[in-house]
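A closer look at the structure
Spelled out from the first residue to the last, the chains are:
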Amino acid sequence: MRSNYIYNFTYIDNENESYFIYWVYSPSIITRLVLDFSGQFKVLTWMESTGKWNLFWSQPTSREQCEFYGFCGAFETCNQNLQPFCTCLTGFSYKSDRRLSNYSGRCARDTGLQCGNTSVANQKSTDKFYEYSNMRLPVNFLSVNASSSASECESSCLNNCSCTAYSYDSNGCSIWLGELLNLQQLSSNDGSGRTLYIRLAASEFAKGRNKKEIIIRFVAGSVVVLLGLVLIGIWKRQMRALTTMRGTIGYLAPEWISGIAITAKADVYSYGMMLFELVSGRRNSEQSQDKKFMYFPTLAASVVVEGGDMFNLLDHRLENNADEEELRRIARVACWCIQDAENHRPTMGQVVQILEGVLEVKPPRVPRLLQAFTDSSSRQSSQPPC
């Protein structure tokens, strides 16, 4: 700090007072300090050449968004390694526009708590707790000294209808009443994380099991199909039938035609095409009664990129009985799988993590090859028969 050429610093510490002061060396330099609504402390200097304020120093830095107090709203957790940083806790969903700068009140429970309902019919539907590990605990906790074990701590929370979470470790029992604020998911190598138990309605756990079973069956079945695609690919390579596309249009990766080296990403491309068929319940390429060519991946890609109605892509026989967020996740990963350049496609390991909700997936771009297939087939269908 002493080597700084703009500011001079002094720290005073005696029996009567302790304080820190600073001033600028040159009176021609204009400086100001700002403590903004997020809790970030900034030092700015005026740049005469640009006519703008220049950020000289800040704490926490913009790369440490989760360190800002209350950066995410109530019942949201902040994760520095994901985009967006804030996500609703399990059992909660966004009830207002998540793009608003005012984050408070965005997340609400999907299912109300059963606490307080003592009827016999609902005795088996008591509230339960969802475990979050390696967390920075929320603020404003209450210590329960009477609880000497994890089960007693859980009971203390269950017996209070205002209790929304608890934590028990070597520090004892802590409970939280009302909204949970300033939650952060810490990285795996951060040893300061603690375990937090979030109170949810019992029905939320039944939903979670059903969704997990669906995803597991989906992934397991997909892997079997993928292995089949790999074997077919190996067979085709051995037969040296690489100069022409065989089978339904668009299912083979572009590199099979271009003659460049074939890698595992070619099978990822085929897997993406299969995902589209699982969503729509029909073949990707069809011809309508009026002889117009219909290519489903092109429609799906435009809906995903432009933010359209995801249920327009779903098999009509399901009658919109699906989770919209999971449907969007499947469609997005399918679009990434069929990107023109193989280095833009995910690995199968990443695909599984995305489908399980472990890894976030950003909106993809529309592959150029999709439009090329559609244009080519449209011209062919418009030609009169011989």
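Quantities reported herein were computed from a predicted structural model and do not represent experimental measurements.

Analysis parameters
Residues numbered from 1 in each chain as written. Predicted model: local features only at pLDDT ≥ 70, side-chain atom pairs only at ≥ 80, totals over all residues. Heavy atoms only, no water. Disulfide = S-S within 2.5 Å. Helix = DSSP H or I, 4+ residues; strand = E, 2+ residues; numbered from the N terminus. Buried < 20%, exposed > 50% of the residue type's maximum accessible area, 1.4 Å probe, protein only. Contact = heavy atoms within 4.5 Å. Phe/Tyr/Trp six-rings, centres within 6.5 Å; stacked < 30°, edge-to-face > 60°. Lys NZ or Arg CZ within 6 Å of the ring centre and 35° of its normal. Patch = residues over 30% accessible without salt bridge, like charges linked within 9 Å, V, L, I, M, F, W, Y side chains within 5 Å. Areas by Shrake-Rupley, 256 points an atom, 1.4 Å probe, with all protein chains shown as cover. Salt bridge = Lys/Arg side-chain N within 4 Å of Asp/Glu carboxyl O. Core = buried A, V, L, I, M, F, W, Y, C linked by side-chain atoms within 4.5 Å. Pairing = 2+ DSSP bridges. Axes fitted to C-alpha atoms, helices over the stretch in contact; angles between N-to-C directions.

Remarks on the state of the cysteines
Within this structure, the stated rule accounts for five disulfides. Paired by a disulfide, Cys 88 and Cys 107 hold their sulfur atoms 2.0 Å apart. One quick way to see it: the torsion about the S-S bond of Cys 88 and Cys 107 is about -90°, and its sign makes the bridge left-handed. Here Cys 88, found in strand 7 (residues 86-88), pairs with Cys 107, found in strand 9 (residues 107-109); they are 19 residues apart in sequence, far enough to count as distant. Considered together, Cys 88 and Cys 107 belong to a single accessibility category, that of buried residues.

A word on the side chain of Gln 184
Mapped onto the elements, Gln 184 comes out in strand 14 (residues 183-185). For Gln 184, the residues in contact, after removing those within four places along its chain, are Cys 66, Glu 67, Thr 77, Cys 78, Asn 134, Met 135 and Arg 136.

As for the packing of aromatic side chains
Under the definition given, this model contains 10 aromatic pairs. Their ring planes at 70° and their centres at 5.3 Å tell us that Trp 46 and Trp 53 sit as a pair that is edge-to-face. Under the relative-accessibility criterion, Trp 46 is labelled partly exposed at 29%. Grouped by ring-pair contacts, the aromatic residues Phe 9, Phe 20 and Tyr 22 constitute a single cluster. Here Arg 32 stacks its cationic end above the ring of Trp 53, 4.4 Å away from the centre of that ring. In this arrangement the basic side chain of Arg 109 is found over the ring face of Phe 75, its NZ or CZ atom lying 5.9 Å from the centre.

Some points on a nonpolar patch on the surface
Residues Leu 33, Leu 35, Phe 41, Phe 56 and Trp 57 make up a contiguous nonpolar surface patch of about 470 Å² in total accessible area. As for its placement among the helices and strands, Phe 56 is situated in strand 5 (residues 52-59).

So, the nonpolar core
Nonpolar side chains in soluble globular proteins tend to end up buried together. In terms of nonpolar packing, the biggest core is built from 36 residues, with Tyr 271, Met 273, Phe 276, Met 310, Leu 313 and Val 333 touching the most fellow members. At the level of secondary structure, the elements contributing two or more residues to this core comprise helix 4 (265-280), helix 5 (296-306), helix 6 (324-337) and helix 7 (348-355). When near neighbours in sequence (up to four residues on either side) are disregarded, Val 333 contacts Leu 275, Val 351, Ile 354 and Leu 355. Within the second largest apolar cluster, 17 residues are counted, among which are Phe 75, Cys 88, Phe 92 and Tyr 132.

Topic: the sheet that holds strand 3 (residues 31-35)
The strand order across the open sheet formed by three strands is 3-4-5, and the pairing between neighbours is antiparallel. Lying at the two open borders of the sheet, with one neighbouring strand each, are strand 3 and strand 5. On average, adjacent strands in this sheet sit at an angle of 30° to one another, irrespective of strand direction.

Some remarks on the pattern of salt bridges
The final tally for this structure, using the stated rule, is five salt bridges. Residue Arg 199 pairs with Asp 127 through a salt bridge whose shortest N-O separation is 3.2 Å. Here Arg 199, found in strand 15 (residues 194-200), pairs with Asp 127, found in the loop between strand 9 and strand 10 (128-136); they are 72 residues apart in sequence, far enough to count as distant. Taken individually, Arg 199 and Asp 127 each receive the classification buried, so the pair is uniform in this respect.

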